[in-house]
Amino acid sequence: MLRFVLKRLAQALLIILASLTVVFLVVRVAPGDPAALILGASASPSDLADLRRELGLDEPLLSQYVTFLHGVLQGDFGSSWRLGGDALANVLDRLPATLQLSACALVVTLVVGFPLGVVSARRAGSWIDRLISVPTLLGQALPSFWVGVMLILIFSRTLDVLPATADGTVASLVLPSVTLALPFLGWLARLVRNGVLEELGKDYVRTARSKGVDSRVVFYRHVVRNMMIPVVTLLGLLVGNFIANAVIIEVVFAWPGVGSLMIDSITNRDYSVVQAAIMTITVAYVLLNLLVDFLYVKLDPRLNPEHMS
Amino acid sequence: MTDTRPPHGGTPTAPLISLTDLRLTLGRGAGTVDLVRGVSLDVPQGTTVAIVGESGSGKSLTALSMMGLLPPGVTVGGGDIVFDGTPMARLTEREWQPLRGRQLSMIFQDPLSALNPCIRVGDQIAEMFRLRAGLGRREARDRAVESMVEVGIPDAERRARSYPHEFSGGMRQRVMIAMALSLQPRLLIADEPTTALDVTVQAQIMRLLVARKQARGLTMILISHDLGVVSRSADSVVVMYAGRVVESGPSREVLTRPAHPYTVGLMRSVPDRRRPGAALEAIPGQPPDPRTVPSGCAFHPRCPMARDRCRTEVPALRPVGPARASACHFADEVVGDGANLPETNDASEVSGHA
């Protein structure tokens, strides 16, 4: 087990390094000069050159890269010229809001998506199965930014029952978490439905029935456990989509999280904050994937090194 | 009869389970197909009855119907299943539940796919004691380990914590047997219990089954296409072809003097240890598709002695001697010809795939 953990951690570090490198390059290749943005249109060429030297932007790319990695190793992403203060501290400041939104959306996804999938599977082919498939398909097909705007129009502008933007109340969490959850809820419901249907045809289900245990036991003890294996695998693949959607939704709802900070920083060429934000998101992505991997091994004893015969 | 214990109820000759003109039908409405077409058989208390036949003969479906475990789409289209005096053919899933495991149990062909891959084997057995017998967690676990010892699993205490994939095929089938017998059922249905196992393990598992059967006074239905296994462990044999019984009787007699050309064909396709190198005679052709069963005797296109009458007239299953029946128009001729059959290789260790 320890070897498995160490191997996964090493892979995680490699992924983080790779993403840091890509971010470093993309930010520098993207058009736009931070010095010009900072000093404004009236700046003289010599002022610009001075600032570039100060920011280290006149150095060759490779030496910038080395300086960058050196800083990152010490948790130093530089300081934000726009917000002032340490770039990473600015990002971490925004992290709780993002975690709050994501956790809420995840809960909505699981609490709604899972039962919908189970009901669909148990009544496969019936009107209720078809009824459930409509919103789950729509949820996947409609783009989140559009759904977010529509929900704001309906529930905030027209009905005036829910706040459209973060105001610190629990009510303000509702619209963004529902918008974020919607496509994944549909995904989960379909995954669970198809997973259950596939498992129900397997021999061990017949054995469980032949033991005379209650059909609920057959379902929840025998079928669900096996069905979770493919579901968790596919959920692992969705972690990236989830994070990408969260960024968009933070912007639509002006949610004060890492995502909206990152978008603002990109438009303002606040390199250090962009790098710190992407680093944070990458770490979150890697951690979530690690979690999925461990969960996967926990669920399927055939993959557990302790149970390899 | 080898009825070795006082019967539970009724007279010693009363069957524990009997099928009467059982029809198993696939689909509903106009496009239905009969997969089992009127099977009758009695299984007396304490005996072992074997059902033999090629794949597609309906023998496994017949077995599943006795557990209420027919696959989706297949229903009892007619006839009845009577277990210990109770008609079962129209029970609901909820009514079947208390009977399974306690009255009748089943073991399946492939123990790897039949066991839940994600639950420790000890827990899978303990489920019977915990959920069915209402024992506490600890006690159920201890009983599970005991039952693993009973079926000859070494180091049972530790092995109970393993998962099915960590066991060999033979050990897995032992787990299945332990599970099926945990609540002391009266009838055990073994559906090809050794087919998926290594040849060397097959004999061990059959010996275990016979030993457990004798220790518990079980009644057993053995589904098999292995005539060697059947001749060694069954008291009587029912031969099925295309969803019908074509021959039945005491296994020693049926397998020495078969009264149906299909049984003769099955026996000729079994390797004989005393005639090494002798060519095996496979039955020509394939078993029929249940949607297009041949007219008259369903076996006539493959039968070496088919005549005009066989093509038009469905032969009835009729008595051909004490406790024996055959569904062949010319059963007497077949029995008479029996002399040129190789003797039953009842000591054969080699399985014949009919």
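Analysis parameters
Residues numbered from 1 in each chain as written. Chains lettered and ligands numbered in written order. Predicted model: local features only at pLDDT ≥ 70, side-chain atom pairs only at ≥ 80, totals over all residues. Pairing = 2+ DSSP bridges. Helix = DSSP H or I, 4+ residues; strand = E, 2+ residues; numbered from the N terminus. Contact = placed C-beta atoms within 7 Å. Axes fitted to C-alpha atoms, helices over the stretch in contact; angles between N-to-C directions. Expected span 1.5 Å × (residues − 1). pLDDT = per-residue confidence, 0-100.

**Some details on the pairing of strand S2 (residues 33-44) of chain B**
In summary, the side chains of a regular strand alternate between the two faces of the sheet.
Residue and element names in this part refer to chain B.
Here comes step 1: Strand direction decides the pairing type here: strand S1 (residues 15-26) and S2, joined by nine bridges, are antiparallel. Bridge pairing in S2 links Leu26 to Val33.
Here comes step 2: Connecting S1 to the antiparallel partner S2 that follows it, the hairpin turn spans six residues, and Gly27 within it adopts a positive phi of roughly 85°.

**Looking at the interface of chain A and chain B**
Here comes step 1: In this assembly, 23 residues from chain A lie in contact with 27 residues from chain B.
Here comes step 2: Listed by contribution, the elements that provide at least two residues to the side of chain A that touches chain B are helix H9 (203-210) and helix H10 (215-252) of chain A.
Here comes step 3: Here the side of chain A that touches chain B gets seven residues from one element, more than from any other, and that element is H9(A).

**Some remarks on unusual backbone geometry**
Here comes step 1: Within the chain, Asp21(B) stands out as a residue other than glycine whose phi angle is a positive 50°.
Here comes step 2: Structurally, Asp21(B) is set in strand S1.

**Some points on the sheet that holds strand S3 (residues 48-52) of chain B**
Residues and elements named next belong to chain B.
Here comes step 1: In space, the eight strands of this open sheet follow the order S6-S7-S8-S3-S9-S10-S12-S11, with mixed pairing throughout. The open sheet has two edge strands with one neighbour each: strand S6 (104-107) and strand S11 (318-321). Across the sheet, the axes of successive neighbouring strands diverge by a mean angle of 25°, strand direction being ignored.

**Focus on helix H8 (residues 199-216) of chain B**
All names here are of chain B.
Here comes step 1: For H8, with 18 residues, the first-to-last C-alpha span of 26 Å sits near the 26 Å given by 1.5 Å per residue.
Here comes step 2: As for H8, its buried residues are in contact with S3, helix H7 (169-181), strand S7 (187-191), strand S8 (219-224) and helix H9 (227-233).
Here comes step 3: Note on H8: the residue one or two positions beyond its end, Gly217, has a positive phi of about 65°.

**Overview of the confidence of the model for chain B**
Fine structural detail should not be taken from predicted coordinates in areas where pLDDT scores are low.
Residues and elements named next belong to chain B.
Here comes step 1: Considering every residue of chain B, the mean pLDDT works out to 87; 90% of them sit at 70 or more.
Here comes step 2: Note that residues 1-11 has pLDDT below 50 and, in this model, 21 contacts with residues that lie over four places away or in other chains.
Here comes step 3: Confidence estimates for the predicted assembly give a pTM of 0.81 and an ipTM of 0.85.

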